[in-house]
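The primary structure of each chain is shown beneath.
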Amino acid sequence: MLEVQGLTRTYTEGRKVLDNINLSFSEGSFTIIAGPNGSGKTQLMRHLNGLLKPQSGKILLRGRDIRENLTETRKRIGLVFQNADSQIVGQTVASDICFGAENLKWSRKRINEKLESLLREFSISELRNRRPHTLSGGEKRRCVLAAVLIMEPEIIVLDEPFTGLDRDGVQDVLKDITRLHKEGKTIILITHDLEKSLAHADRLVLMDKGSVVEDGRPADLLDRLESAGIRKPWGENRDLESMTWLAP
Amino acid sequence: MAGSLMFQYQPGSSVLHRSDIRVKLIIMIALSLVLIQVSVFRLSLLLPFLLLLQCSLKRRPLPPPLPVLFMPALIFTGNFLSLAAGDALLSSALITAGLRTVRFTFILWMAQLFTETSDPMCLTPAFYRLLKHIPLIPAGRISTQLGLSLTLIPVILEEMNEIRDAMISRCGWNPRSPLKNLVHMGQPLLNGVLLKAEALSDAMEARLFTEDSTEPELLGSSSVLLPLLAGSLFILILLAGEYVLSRSGSSSFFVQFF
Amino acid sequence: MSKDKIRKTVLAAVFTALIAASSFFTIPVGPVPIVLTTMFVVLSGMLGGPWVGLSAVGSYLILGIIGLPVFAGGTAGIAKLMGPTGGFLIGYLLAPVAGGFIFNPPGDKAKGLKVLLAVLGAFTAGALIYVPGIPWLKYSLSMDWPSALQAGLIPFIPGFIIKNAAAAALAFALKERFQNFLKSEE
C-alpha cells in the first residue's frame, strides 16, 4: 500500500507544480494517471521513490515514510522513465539489466540467474549482447523495463511508455505491463494516451495544473475526460474494452 | 558514423584475442616506455616479436587510415632537418631520424594490434580490475564514467549531426560568420546534453547507483599467465642482451642511440 | 551514493562523450574545416567546474590510450600521446581546471564582470593547451622555436579566436543552468 499525503511542491517563482495531492494505491492495483503536459504527473512520479524530497506532505509505503530508508524504497518501487535512451547505462543489454542488481551488491551467481530468467520472460535472449543504442524503440523500452524488474520491485511506475513506438512496439510493451499486473505487481501508468491502455486499468486519476481533478473507475470518468484536458478516445459511445492496442 | 567507433575491433579467436586485456595494456605501455630510447638493437629485436603477433592473427592487416601514412614521413623529415642543421654528422642524423621513424611505426603497430583484438565492451570491466588495486582511486566511479561515455558517444554524435543539418536546412549556416554558427550550434547541443545528464542521473539514482557494487564481469575467458610471461620474458631478454652487448664492447652503433 | 556525486559523475561522462564525439565532427570555418574538440575541452571546465572538467578530459585521454579512435582525425593509442602532438593532449588537462577556476561566478556578480570573466576564462584555458603542446612539438621533432611556432601555433590562431569566443559566449549563457543541475536541490 503506497500512500501520498498532502504532497505540495512550489517553484521558486511561486507557481505550484503539485498542489496538495492525496492518493493511495492498493496492492495489485492498476492505476492510470492522465493529464495534459505540465500537469505535474512526472514531478509526482519523481517523489514516489524519493528522487525529489517533498516540500510539504509525505509519502508512506506500508505505513512508513519512504525517506526513512531510500535504498529499500527504491528497491520496492521501480521507475521507468520517459526517455529510454537516457536511462540506459550499460554497454550491452545484459550489462544494463544487471546494473541495479550490482548496486544492491548481489553475488554474481544470483545476478546471472535472475538475468537469465528476465531475458526469457521478456523474450529478449537474442538481444543480450547487443548495444542498447542499436535497438528499436520497443526493444529499448522492454530492456529498460527488465532492468527495473531485476531489483524485484512490488510497485512499477511507468512514465509515458508508449511515446514514439510503432504498433508492434506498443503491443509488446503493453503485453509486458499486463503480464506483470497479472503476476501481482502494482502498476502505476502515467500517460495521456488512454486509447492504448485504458481497458486494462482498474482506476483512473486525472490531473491538471498540479492537482487531482478526478479519481475513480475508468468507466465512470469517460465522459469527463475532455473537461480535464485529455482527448477522449475516438468514436461515439465507444466501450471501455476497446481501449487497448492488444489484439483480443 | 557511429559504426566507425567500433570499426577497428575485429572479433576472432587468436592468442591475442584470448589474452587478458589488462595484460595486453600493460605490455603495450611497457614496450612503449622501452622505446623511449631507440637503438638498432631494441628495434630489431622487437620486429620479430611484432611480426609473430601479427601472424598469429591469421588475417591480412587492415590498411591504416591515410593521415597515419603521412606521419612517418613528417617525423623523418622533421628529425633529419633539425639534426642535420645541428652539429650532428650527416650519416648519424640520417640514422637517428630513421630509427625514430621506425619507433613511431612500431608504436602505431602495437596500438593497432591492441585495438584490433580488444573488444571495447570488455574495456571498462578490465579497467576497473586494474584500478581497484591502486589506493585512493575511485575505481568504480571511473569505470562507470568510462562506460557511460562509451554509450553516449554515438548518441551525441547523432545529435550533433542533426543540429547541424537542422541549421543548414533553415539557412542558418552563414559561412561569413563562423562565430555565430558555433554559438547557434552549441546552445541546443549543450542544452540537450544537460537534459540528458539530468535524465541519466535520475535513472541512476532510481537504480541505486553505488561505487562498491558487485564487480563487473570480464566477458569471455581470458588468459592471463601466458601473455604476461611472454611479455616479461621478452623485455628481460631485451635488457639482458643489451647489457651483455654493451659489456662486450661491441660497436656503440648497435646499442647506443638517442 | 549521494545525489551530488552521481550528478558530477554523469556530467563528466557526458562531457567526455561530447569531447570524443567532436573529434569525428568537423565544421567549415572559411576554407578549412576545424575540429571542435578544444572548444568542448574548455567548456567542460567552464560549465562543469574544474574537477568535473578535469575528470571528463582525463577519461577522454584514457579512452584514447586504450585504443578508441577518439583523438583528432580518428587516431588513438599511446603512440599519439607520445608522438609530436602529444603535448597538446597533455594541455587538454590544464584547460578545464583553469577555465573552471576563473569562470566561477557566484550568482550576484555584475553582468559586465561575468562577461569579462567568461572571456578571460575561455582564452586562458584555450591558451594553456598550447603551453605544453609547443615545447613538446619542438622537442619531439627537434625543431627550433620559430619553426615549432610556425607549425604548431600560427595556423591555428583564427580557429583559436573563434572557438574560444564561442566558448565564452556559450559558458556565459548556460552557466546558471549547469550550476543549478550540480547544486542538485531535492
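Residues numbered from 1 in each chain as written. Chains lettered and ligands numbered in written order. Predicted model: local features only at pLDDT ≥ 70, side-chain atom pairs only at ≥ 80, totals over all residues.

A. Representation of the overall build of chain C in the model. Within chain C, the secondary structure is distributed over 8 helices and 2 strands. Shown N-terminal to C-terminal, the secondary structure of chain C runs as helices and strands in the order α-β-β-α-α-α-α-α-α-α. Expressed as a percentage of the 186 residues in chain C, the buried residues total 56%. Pairs at least 24 apart in sequence give 69% of the contacts found in chain C among residues at least 6 apart. (Helix = DSSP H or I, 4+ residues; strand = E, 2+ residues; numbered from the N terminus. Buried ≥ 20, exposed ≤ 12 C-beta atoms within 10 Å, placed from the backbone. Contact = placed C-beta atoms within 7 Å.)

B. View of the environment of Ala20 of chain C. Position of Ala20 of chain C relative to the elements: it lies in helix H1 (residues 3-22). Its 27 C-beta neighbours within 10 Å are what place Ala20 of chain C among the buried residues. As a C-alpha pair, Ala20 of chain C and Gln179 of chain C span 159 residues in sequence and 23 Å in three-dimensional space. Among all residues touching Ala20 of chain C, those that are not within four sequence positions of it are Ser149 and Ile153 of chain B together with Tyr60, Leu63 and Val70 of chain C.

C. Representation of the packing of helix H5 (residues 86-102) of chain C against helix H6 (residues 111-140) of chain C within the structure. Residues and elements named next belong to chain C. In contact at an axis separation of 7 Å, H5 and H6 are set at 160° when each is read in the N-to-C sense. With respect to their mutual orientation, H5 and H6 come out roughly antiparallel. Where H5 crosses over H6, the two elements pack in a sense that is right-handed. Taken together, the residues of the contact of H5 with H6 break down into 20 nonpolar, 8 polar and no charged. (Axes fitted to C-alpha atoms, helices over the stretch in contact; angles between N-to-C directions. Parallel < 35°, antiparallel > 145°, perpendicular 65-115°, else oblique. Left-handed = near helix turned anticlockwise from the far one by under 90°. Nonpolar A, V, L, I, M, F, W, Y, C, P; charged D, E, K, R; others polar.)

D. Spotlight on the sheet that holds strand E1 (residues 2-10) of chain A. Residues and elements named next belong to chain A. Spatial ordering of the open sheet is given by E2-E1-E4-E5, a layout of 4 strands whose pairing is antiparallel. Where the open sheet ends on each side, the last strands, each with one partner, are strand E2 (16-25) and strand E5 (64-65). Contacts from helix H1 (residues 41-48) reach E1, E2 and strand E4 (56-61), with the element oriented near 60° to E2. (Pairing = 2+ DSSP bridges.)

E. Region of interest: the sheet that holds strand E10 (residues 211-216) of chain A. All names here are of chain A. Strands sit in the order E6-E7-E8-E3-E9-E10 across an open sheet of 6 strands; the sheet is mixed. Each edge of the sheet is formed by a strand with only one pairing partner; in this case those strands are strand E6 (77-80) and E10. Direction aside, neighbouring strands of the sheet carry axes that sit 15° apart on average. Relative to strand E9 (residues 203-208), strand E3 (residues 30-34) runs parallel, the two sharing 4 bridges. Note on E9: the bridge partner recorded for Ala34 is Leu206. Contacting E6 and strand E7 (155-159), helix H5 (residues 137-149) runs over the sheet at an angle of about 165° to E6.

F. Main features of the environment of Asp19 of chain A. Tracing the sequence through the fold places Asp19 of chain A in strand E2. For Asp19 of chain A, the contacting residues outside a window of four places in its chain are Thr8, Gly210 and Ser211 of chain A.

G. Representation of the nonpolar core within the structure. Counting residues in hydrophobic clusters, the biggest one holds 181 residues, and the most contacted among them are Ala146 and Val157 of chain A together with Val14, Ala167 and Ala171 of chain C. The element contributing the most residues to this core is H1 of chain C, with 12 residues. In this structure, this core is formed jointly by two domains, domain 1 (12-119 + 220-255) and domain 2 (129-206) of chain B, each of which donates at least three residues. Apart from the residues within four sequence positions on either side, Val157 of chain A is in contact with Met45, Leu48, Ile77, Leu79, Val80 and Ile188 of chain A. (Core = buried A, V, L, I, M, F, W, Y, C linked by C-beta atoms within 7 Å. Domains from an automatic or database assignment.)

H. Main features of the pairing of E1 of chain A. All names here are of chain A. Here 6 bridges tie E1 to E2, and the two strands are oriented antiparallel to one another. Bridge pairing links Thr10 to Lys16 in E2. Between E1 and E2, which pair antiparallel in sequence order, lie 5 residues; one of them, Gly14, sits at a positive phi of approximately 105°. The sheet contact formed by E1 and E4 spans 5 bridges and is antiparallel. Bridge pairing links Thr8 to Ser56 in E4.

I. Structural view of the confidence of the model for chain C. Residue and element names in this part refer to chain C. This prediction gives chain C a mean pLDDT of 83; 86% of its residues lie at or above 70. Highest mean pLDDT in chain C belongs to helix H2 (residues 37-48) (93); lowest belongs to strand E1 (residues 26-29) (64). Among the prediction metrics, the complex's ipTM stands at 0.87, with pTM recorded as 0.79. (pLDDT = per-residue confidence, 0-100.)

J. Expanded view of the interface of chain C and chain B. The partner chain B presents 57 residues to the 53 residues of chain C that form the contact. Looking at the side of chain C that touches chain B, the elements that each hand over two or more residues are H1, E1, helix H3 (50-65), helix H4 (78-82) and helix H8 (157-183) of chain C. The element best represented in the side of chain C that touches chain B is H1 of chain C, accounting for 14 residues. Broken down by class, the residue content of the side of chain C that touches chain B amounts to 37 nonpolar, 12 polar and 4 charged.

K. A look at unusual backbone geometry. Of note in the backbone geometry, Lys105 of chain A takes a positive phi value of approximately 60° without being a glycine. Mapping Lys105 of chain A onto the fold places it in the loop between helix H3 (93-103) and helix H4 (108-121). Residues other than glycine seldom take positive phi values, yet Leu208 of chain B does so here, at roughly 65°. Relative to the helices and strands, Leu208 of chain B resides in the loop between helix H9 (178-206) and helix H10 (225-247).

L. Representation of H6 of chain C. Taking 1.5 Å of rise per residue, the 30 residues of H6 of chain C would be expected to cover 44 Å, and the 44 Å separating its terminal C-alpha atoms lies within 8% of that figure. Directly after H6 of chain C, the chain includes Ser142 of chain C, whose backbone phi takes a positive value near 45°. (Expected span 1.5 Å × (residues − 1).)

M. Structural context of the packing of H9 of chain B against H1 of chain C. Across the interface, H9 of chain B lies against H1 of chain C with an axial gap of 9 Å and an inter-helix angle of 135°. Accordingly, the angle class assigned to the pair H9 of chain B and H1 of chain C is oblique. Where H9 of chain B crosses over H1 of chain C, the two elements pack in a sense that is right-handed. Residues Val193, Lys196, Ala197, Leu200, Ser201, Met204 and Glu205 of chain B of H9 of chain B pack against Lys3, Ile6, Arg7, Val10, Leu11, Val14 and Leu18 of chain C of H1 of chain C.

N. Local environment of the confidence of the model for chain B. Residue and element names in this part refer to chain B. Across chain B, the average pLDDT comes to 76, with 84% of residues at 70 or higher. Put simply, helix H1 (residues 2-6) is where chain B has its lowest mean pLDDT, 40, and H9 is where it has its highest, 87. When the criterion is pLDDT under 50, residues 1-7 qualifies, and its contacts beyond four places in sequence or with other chains add up to 12 contacts.

O. Structural context of the pairing of E3 of chain A. Residues and elements named next belong to chain A. Most of E3 sits inside the fold, with 5 of its 5 residues counted as buried. Burial of the side chains of E3 extends over both faces: Phe30, Ile32 and Ala34 are buried on one face and Thr31 and Ile33 on the other. Bridging between E3 and strand E8 (residues 186-190) involves 4 bridges; their strand directions are parallel. By the bridge assignment for E8, Thr31 is matched with Ile188.

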